[in-house]
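Remarks on the overall topology
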Amino acid sequence: MDPDAPLPLVTPDLLVATCSGTGEPLHCNVAWSKTFGDGALWAGLPEEDVRFADEYLTDATRGLLVTHQVFLVEEPEAEVPTPVLLHFLPVRLPTAGSGPFPVVITGEVLKEPVSWAADQTRRRRMEMLGQMAMGIAHDFNNLLTSILGNAELLRERLPFTPDADEARGLLATLEQAAGDGAALVRRIQQYIRHEKQERFEPVQLRTIVEEVITLTRPYWHNEPRRQGIQIELESDLSAPPLIQGSPTELREVLVNLVLNAVQAMPSGGVLRLRTYPHPSRGAVVEVEDTGVGMSEHVRARIFEPLFTTKGEGGTGMGLTVSYGIIQEHNGAVEVESEPGRGTLFRLSFPAAQKDARPAPDSGGAAPAERTDAPGLLARILVVDDEPMVRSVTANLLRFKGHTVAEAVGGAEALGLLDAGSFDLVITDLSMPEMNGRELARHVRDRHPGLPIILLTGDTDAHESADDLDAVVQKPYKLDALEAVIRQVLRPGDEGEADAEA
């Protein structure tokens, strides 16, 4: 059999059962009976799973969508139970009114046929998904590079007026959002490559909450008012002790909690954010709303994967991911909620060591100072097949006072190098015909002493970089790129460059 030949997909039998609004089974298809048996609806399930199945069925009769629940069916002749994935779907008939609702239960057996072909099909589909994700990540990093670069250029060209100061604040928010997007892309790339997470750094929770308030303002202020709804923001942000963490991941958690709070107040209400120190808990942040609240049963399940009360509008993963991030930070979460009386999320994190210092603000509303010194300005060749990225890189370097030439690919770059004189080459990695590493090898052969910096959106580009002087991750900040340029042009000032980058 040709290993490269396309393989057929394995289509599982769909399990279907229908129940009345009181939970009585009305019909089961052949696949259901074959899996669970011809007896009761849950024949074949252990007693504990029967209890959960009955609870989910009751939830569905009340109108709650319950999806992606896995049960283990015991088969007499099988050595291990068979996993079955079930979805409980309420049927909202016109005659049902406000309930109880009939329920359709659908599912499939999560047991692949024992065949080499099916296993290869699954592997190939996952490999294709990973390749697609990496390609999307590369393109997205290029877009973010352009957004960040143009935002920096625009910020530097604004006059020093009150209106311009406000515009700088908006640009800083844009840069922060783009930076968080880049961090999210890196997490996806690291997950696909099974890479370890970056080290944590000292973080001030109050600063994170202030940034989240700005980032989410369209959701709790602009959009509700457009709909004729008013959501008031109340904040009490005292300075808790520093914690060790990832600013991007902490922002992700708090943004998710704020958006959930807004969605819980469809008629308006009050959103409260607090930060404060606690003698035993360390640093504490609270997100509270005056919305619809939750029952004890729902509150107990909100962190379960794929559990959602939002129907088709929810994925059931937001709070699950948030809970995982909190655990990674050695934190704890408490939830207080009652139907009709709102919800309070209280997050607490252990304090960092007393000698920790917060990381510098990555967004930065203040304009960068010109730090060019005599002898540091360079003649630079920028090589990139993406016009948008090449243009913004060249313009940023020109803003710093460098003389810049541009090339759309490796062949043109080699021609310009042979015809002129340059101090440095900055090249993209992913280019057609001749990629950045291949160009670097050609440059080393023709111009052995010419420094080369590689720009890339790939997380593993630092590996096998013998033909390169430095690697800079996309998207980058101008000051970070300038620090690397100084490092490769003046290797003796490596410590200074590292401090600036």
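Relevant structure appears above.
Summary of the structure given here. (Residues numbered from 1 in each chain as written. Predicted model: local features only at pLDDT ≥ 70, side-chain atom pairs only at ≥ 80, totals over all residues. Heavy atoms only, no water.)

Overview of the environment of Leu85
Mapped onto the fold, Leu85 is located in strand β4 (residues 82-90). Residue Leu85 is classed as buried on the basis of its relative accessible area of 15%. On a C-alpha basis, the gap between Leu85 and Val70 in space is 4.5 Å, while along the polypeptide they are 15 residues apart. (Helix = DSSP H or I, 4+ residues; strand = E, 2+ residues; numbered from the N terminus. Buried < 20%, exposed > 50% of the residue type's maximum accessible area, 1.4 Å probe, protein only.)

Thoughts on the packing of helix α10 (residues 410-419) against helix α11 (residues 436-446)
It is the contact of α10 with α11, at a shortest axis distance of 10 Å, that shows an interaxial angle of 20°. One way to sum up the angle between α10 and α11 is to call them roughly parallel. For the element pair α10 and α11, the recorded crossing hand is right-handed. Across the interface between the two elements, Gly410, Ala413, Leu414, Leu417 and Asp418 of α10 pack against Leu439, His442, Val443 and Arg446 of α11. Split by residue class, the contact of α10 with α11 holds five nonpolar, two polar and two charged. (Axes fitted to C-alpha atoms, helices over the stretch in contact; angles between N-to-C directions. Parallel < 35°, antiparallel > 145°, perpendicular 65-115°, else oblique. Left-handed = near helix turned anticlockwise from the far one by under 90°. Contact = heavy atoms within 4.5 Å. Nonpolar A, V, L, I, M, F, W, Y, C, P; charged D, E, K, R; others polar.)

Section: the nonpolar core
With 34 residues, the main nonpolar core has Leu254, Leu257, Val258, Leu271, Leu347 and Phe349 as its most contacted residues. Per element, the largest residue contribution to this core is seven residues, and it comes from helix α6 (residues 247-263). (Core = buried A, V, L, I, M, F, W, Y, C linked by side-chain atoms within 4.5 Å.)

Quick look at the sheet that holds β4
Taken together, the five strands give an open sheet; going across it, the order is β2-β1-β5-β4-β3, and neighbouring strands pair in antiparallel fashion. Two strands in the sheet have a free side with no partner beyond their single neighbour: β2 (25-28) and β3 (66-73). On average, adjacent strands in this sheet sit at an angle of 25° to one another, irrespective of strand direction. As paired strands, β3 and β4 are joined by six bridges and run antiparallel to one another. Bridge pairing in β4 places Gln69 opposite Leu86. Sheet strands in contact with helix α2 (residues 47-61) are β1 (15-19), β3, β4 and β5 (103-109), and its direction is about 160° off that of β3. (Pairing = 2+ DSSP bridges.)

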